[in-house]
Amino acid sequence: EAQVTQNPRYLITVTGKKLTVTCSQNMNHEYMSWYRQDPGLGLRQIYYSMNVEVTDKGDVPEGYKVSRKEKRNFPLILESPSPNQTSLYFCASTQITGQGHEQYFGPGTRLTVT
Amino acid sequence: AQKVTQAQTEISVVEKEDVTLDCVYETRDTTYYLFWYKQPPSGELVFLIRRNSFDEQNEISGRYSWNFQKSTSSFNFTITASQVVDSAVYFCALSEAFGRGSTLGRLYFGRGTQLTVWP
């Protein structure tokens, strides 16, 4: 079954304590990305990756890091989380073809930073 | 620049009423894809539809229908005979077919419309 998994699904942490949210896809997609969702703002892209070792900033990259050492994994790293990073995070994996873009989303990670 | 506007922040209806969610988009690409997603209270994103820019045929799926009008850059979503289970946040999104660099494969989301259906 094609899927994108994220862990953890829920996380409450304190300011400054480094954390990593994992994302994995089993579809061999080259393109992956991270979005954050905030009330009234919709989803905004944080970082994206076109392939292994190829990553770049989206609209709201401040305070985040990513890595893409393997095709299937695209972790999101918060080196020093702050309360304004409290949000719902989605990982997405995209198949880009001539017929269209198939977008697959993970189930989301609800992060609270106190 | 790419932009998706959902002007309706919240809509409330009573069960069995019809409701239309509006979506207006902007893009310079001539080939693009439009999406609707549903986000129930549990939080996951549920894919509803993808429409290619070169296919303006309207689509119906059960109680759901979509009206794509390129002339007005709109992709509206209608729920007929709404039900309590339709209560959710609905997102409209756009993706460019031949984006360059940071735009290829990326989804541009509207801010969402909170739909509440009362029994």
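Heads up: the structure comes first, above all this text.
Parameters and conventions
Residues numbered from 1 in each chain as written. Chains lettered and ligands numbered in written order. Predicted model: local features only at pLDDT ≥ 70, side-chain atom pairs only at ≥ 80, totals over all residues. Heavy atoms only, no water. Core = buried A, V, L, I, M, F, W, Y, C linked by side-chain atoms within 4.5 Å. Buried < 20%, exposed > 50% of the residue type's maximum accessible area, 1.4 Å probe, protein only. Helix = DSSP H or I, 4+ residues; strand = E, 2+ residues; numbered from the N terminus. Contact = heavy atoms within 4.5 Å. Disulfide = S-S within 2.5 Å.

*Asks:* Outline the nonpolar core, supporting the account with residue identities and numerical values.
*Replies:* Ranked by internal contacts, the top residues of the largest apolar core, which has 25 residues, are Trp36(B), Trp66(B), Phe77(B), Tyr90(B) and Leu115(B). Contributing elements (two or more residues each) for this core: strand S2 (10–14), strand S3 (19–21), strand S5 (32–39), strand S6 (46–52), strand S8 (64–69), strand S9 (74–79), strand S10 (88–96) and strand S12 (113–118) of chain B. No other element matches S10(B), which puts four residues into this core. Residue contacts for Tyr90(B): discarding those within four places in its chain leaves Gln6(B), Leu21(B), Trp36(B), Tyr37(B), Lys38(B), Leu48(B), Tyr64(B), Phe77(B), Ile79(B), Gly112(B), Thr113(B) and Leu115(B). Formed by 19 residues, the second largest nonpolar core is a distinct cluster that contains Trp34(A), Val66(A), Leu76(A) and Tyr89(A).

*Asks:* Go over the state of the cysteines, please, and point to the residues and values.
*Replies:* According to the stated counting rule, one finds two disulfides over all chains in the structure shown. Cys23(A) shares a disulfide with Cys91(A); S-S distance 1.8 Å. Across the disulfide from Cys23(A) to Cys91(A), rotation about the S-S bond amounts to roughly -70 degrees, and the bridge is consequently left-handed. One end of the pair, Cys23(A), is in strand S3 (residues 19–25); the other, Cys91(A), is in strand S9 (residues 87–97), and 68 residues separate them in sequence. Here Cys23(B) is linked by a disulfide to Cys92(B), with a sulfur-sulfur distance of 1.9 Å. Of note, the bridge from Cys23(B) to Cys92(B) carries an S-S torsion of about -65 degrees and is left-handed in sense. Placement of the pair is Cys23(B) in the loop between S3 and strand S4 (24–26) and Cys92(B) in strand S10, with a sequence separation of 69 residues.

Everything listed here is a matter of coordinates, which is why it stays silent on function.
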